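So the chains spell out like this:
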Amino acid sequence: MPVAGSGERVDTSGRMEEVPHDCPGADSTQAGRGASCQGCPNQRLCASGAGAAPDPAIEEIKEKMKTVKHKILILSGKGGVGKSTFSAHLAHGLAEDENTQAWRGVFPGGAHCCLVPQVALLDIDICGPSIPKIMGLEGEQVHQSGSGWSPVYVDDNLGVMSVGFLLSSPDDAVIWRGPKKNGMIKQFLRDVDWGDVDYLLVDTPPGTSDEHLSVVQYLAATHIDGAVIVTTPQEVSLQDVRKEINFCHKVKLPVVGVVENMSGFVCPRCKKESQIFPPTTGGAEAMCQDLKVPLLGKVPLDPHIGKSCDKGQSFFIEAPDSPATLAYRSIIQKIQEFCSPHQSKVESPSSS
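Residues numbered from 1 in each chain as written. Predicted model: local features only at pLDDT ≥ 70, side-chain atom pairs only at ≥ 80, totals over all residues. Heavy atoms only, no water.

Here we take up the packing of aromatic side chains. One pass over the structure, following the stated rule, counts 4 aromatic pairs. Between the aromatic rings of Phe-86 and Tyr-328, the centroid separation amounts to 5.7 Å while the plane-to-plane angle is 20°, which identifies the pairing as stacked. Residue Phe-86 is found in helix α3 (residues 83-96), and its partner Tyr-328 is found in helix α11 (residues 323-339); the two are separated by 242 residues along the sequence. Per residue, the accessibility class of Phe-86 equals that of Tyr-328, and both read buried. Here Trp-149 and Phe-188 contribute two aromatic rings whose centre-to-centre distance is 6.0 Å and whose plane-to-plane angle is 70°, an arrangement assigned as edge-to-face. Residue Trp-149 is located in strand β8 (residues 148-150), and its partner Phe-188 is located in helix α5 (residues 178-191); the two are separated by 39 residues in the primary sequence. Accessibility classification places Trp-149 together with Phe-188 in one group, the buried group. (Phe/Tyr/Trp six-rings, centres within 6.5 Å; stacked < 30°, edge-to-face > 60°. Helix = DSSP H or I, 4+ residues; strand = E, 2+ residues; numbered from the N terminus. Buried < 20%, exposed > 50% of the residue type's maximum accessible area, 1.4 Å probe, protein only.)

Pasting the structure below:
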């Protein structure tokens, strides 16, 4: 598998294609005309305007996603709020949850076969891919078959894909501009052989930029169930989450709900609760009431979460009775209910 590095793009045929560092993108008015376009093999195509035509990959992705039941984006306005940690444990929780098992076959004689849910976790944080470390997959590589790239599996029913698997070292920097990031996301969605999947979780970088626009655009024709937005209680995080919610409204992306992470800390000795990140403006609960979006739950701080992530293990196994584990389980159940057309939707705090 070729290595993704600065100035290069990974091609599913195994070739490395040089792309101008300052490529303005096919949709730009400068496409094919900018100084950086000189010498690019696609210069004439871009200048003709043909490059701005609907991307044929959108239909290819739509076909690929026919085997994926539910698609959920995990967003955060601010970095460092524990979004990737939440994404990883959401994947673990969905994959381990016996309540999501479904009857999917009948053996000779009429006996039913019950299979655990199939979960896929896609990491599109191109410049900061932390999912391989959190999932205990650091050093793994992606393999290619006739049906596309094969995900790296944590368990038989939990597959992962990340640009981190394409780097020669976890310390390598991916120094790419927007068009090259978009190309990588397109390849992940179009060329990865996910198979039959119940939940595809997409872990995104912080903010509302190229990666977010690309994944929403490429999945628009496939029905995205919605976005889960992760925040911490303090206003410096909430002000960016409001922007994230506004982004979702503008691109018509349903908001599954908000998760308040690092919400208080209970001392394991004296059992007294402390607010490490004080909710000076009322925290996520007040914000959700104001914006009329669901609050899925609050996950308290627990030192075992960080230790589990560093070891690449599920926190649920390390601390099954922790208040944080119980909070996660409750949040996961609400997400399942949101995705199921046969169960009640999550209610916003304002409607309770």
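Here the focus is α5. Because each turn of an α-helix spans 3.6 residues, side chains separated by three or four positions end up pointing in the same direction. The end-to-end C-alpha separation of α5 is 20 Å, in line with the 20 Å expected for 14 residues at 1.5 Å each. Those residues of α5 that sit buried are Gly-178, Lys-180, Lys-181, Asn-182, Gly-183, Met-184, Ile-185, Lys-186, Gln-187, Phe-188, Leu-189 and Asp-191. (Expected span 1.5 Å × (residues − 1).)

In a regular helix each residue adds 1.5 Å, so 16 residues correspond to 22 Å; helix α7 (residues 235-250) covers 23 Å between its end C-alpha atoms and thus fits that length. Within α7, the full set of buried residues consists of Ser-237, Leu-238, Asp-240, Val-241, Glu-244, Ile-245, Phe-247 and Cys-248. One side of α7 carries all its buried residues, which in axial view fall inside an arc of 165°. Considering only its buried residues, α7 is in contact with β3 (68-75), α6 (210-219), β12 (226-231), β13 (255-266) and α8 (283-291). One or two residues past the end of α7 sits Lys-252, with phi positive at roughly 60°. (Arc of directions from axis to C-beta. Contact = heavy atoms within 4.5 Å.)

Glancing now at the pattern of salt bridges. The final tally for this structure, using the stated rule, is 13 salt bridges. In this structure, the salt-bridge partner of Glu-318 is Lys-311, at a minimum N-O distance of 3.2 Å. Shared partners join several salt bridges into a network, and the residues in it are Glu-60, Arg-190 and Asp-191. (Salt bridge = Lys/Arg side-chain N within 4 Å of Asp/Glu carboxyl O.)

A few words on unusual backbone geometry. In this model, His-223 sits at a positive phi of 70°, which is unusual for a non-glycine residue. Judged by relative accessible area, which is 51%, His-223 ranks as exposed. Residue Lys-292 is not a glycine yet carries a positive backbone phi of 60°. Among the secondary structure elements, Lys-292 is positioned in the loop between α8 and β15 (295-301). A relative accessible area of 61% means that Lys-292 is categorised as exposed.

Now for the environment of Trp-176. Relative to the assigned elements, Trp-176 resides in the loop between β10 (158-162) and α5. Trp-176 gets classed as buried once you look at its relative accessible area, which sits at 8%.

Turning our attention to the pairing of β3. Side-chain positions along a regular strand alternate between the two faces of the sheet. For β3, the buried fraction is high: 7 of the 8 residues fall into the buried class. Two strands pair when backbone bridges link them, and β3 and strand β11 (residues 197-203) are joined in this way by 6 bridges, in the parallel orientation. When the bridges of β11 are listed, His-70 appears paired with Tyr-199. Bridging between β3 and β12 involves 4 bridges; their strand directions are parallel. Each residue of the ladder has a partner; that of Leu-73, found in β12, is Ala-227. (Pairing = 2+ DSSP bridges.)

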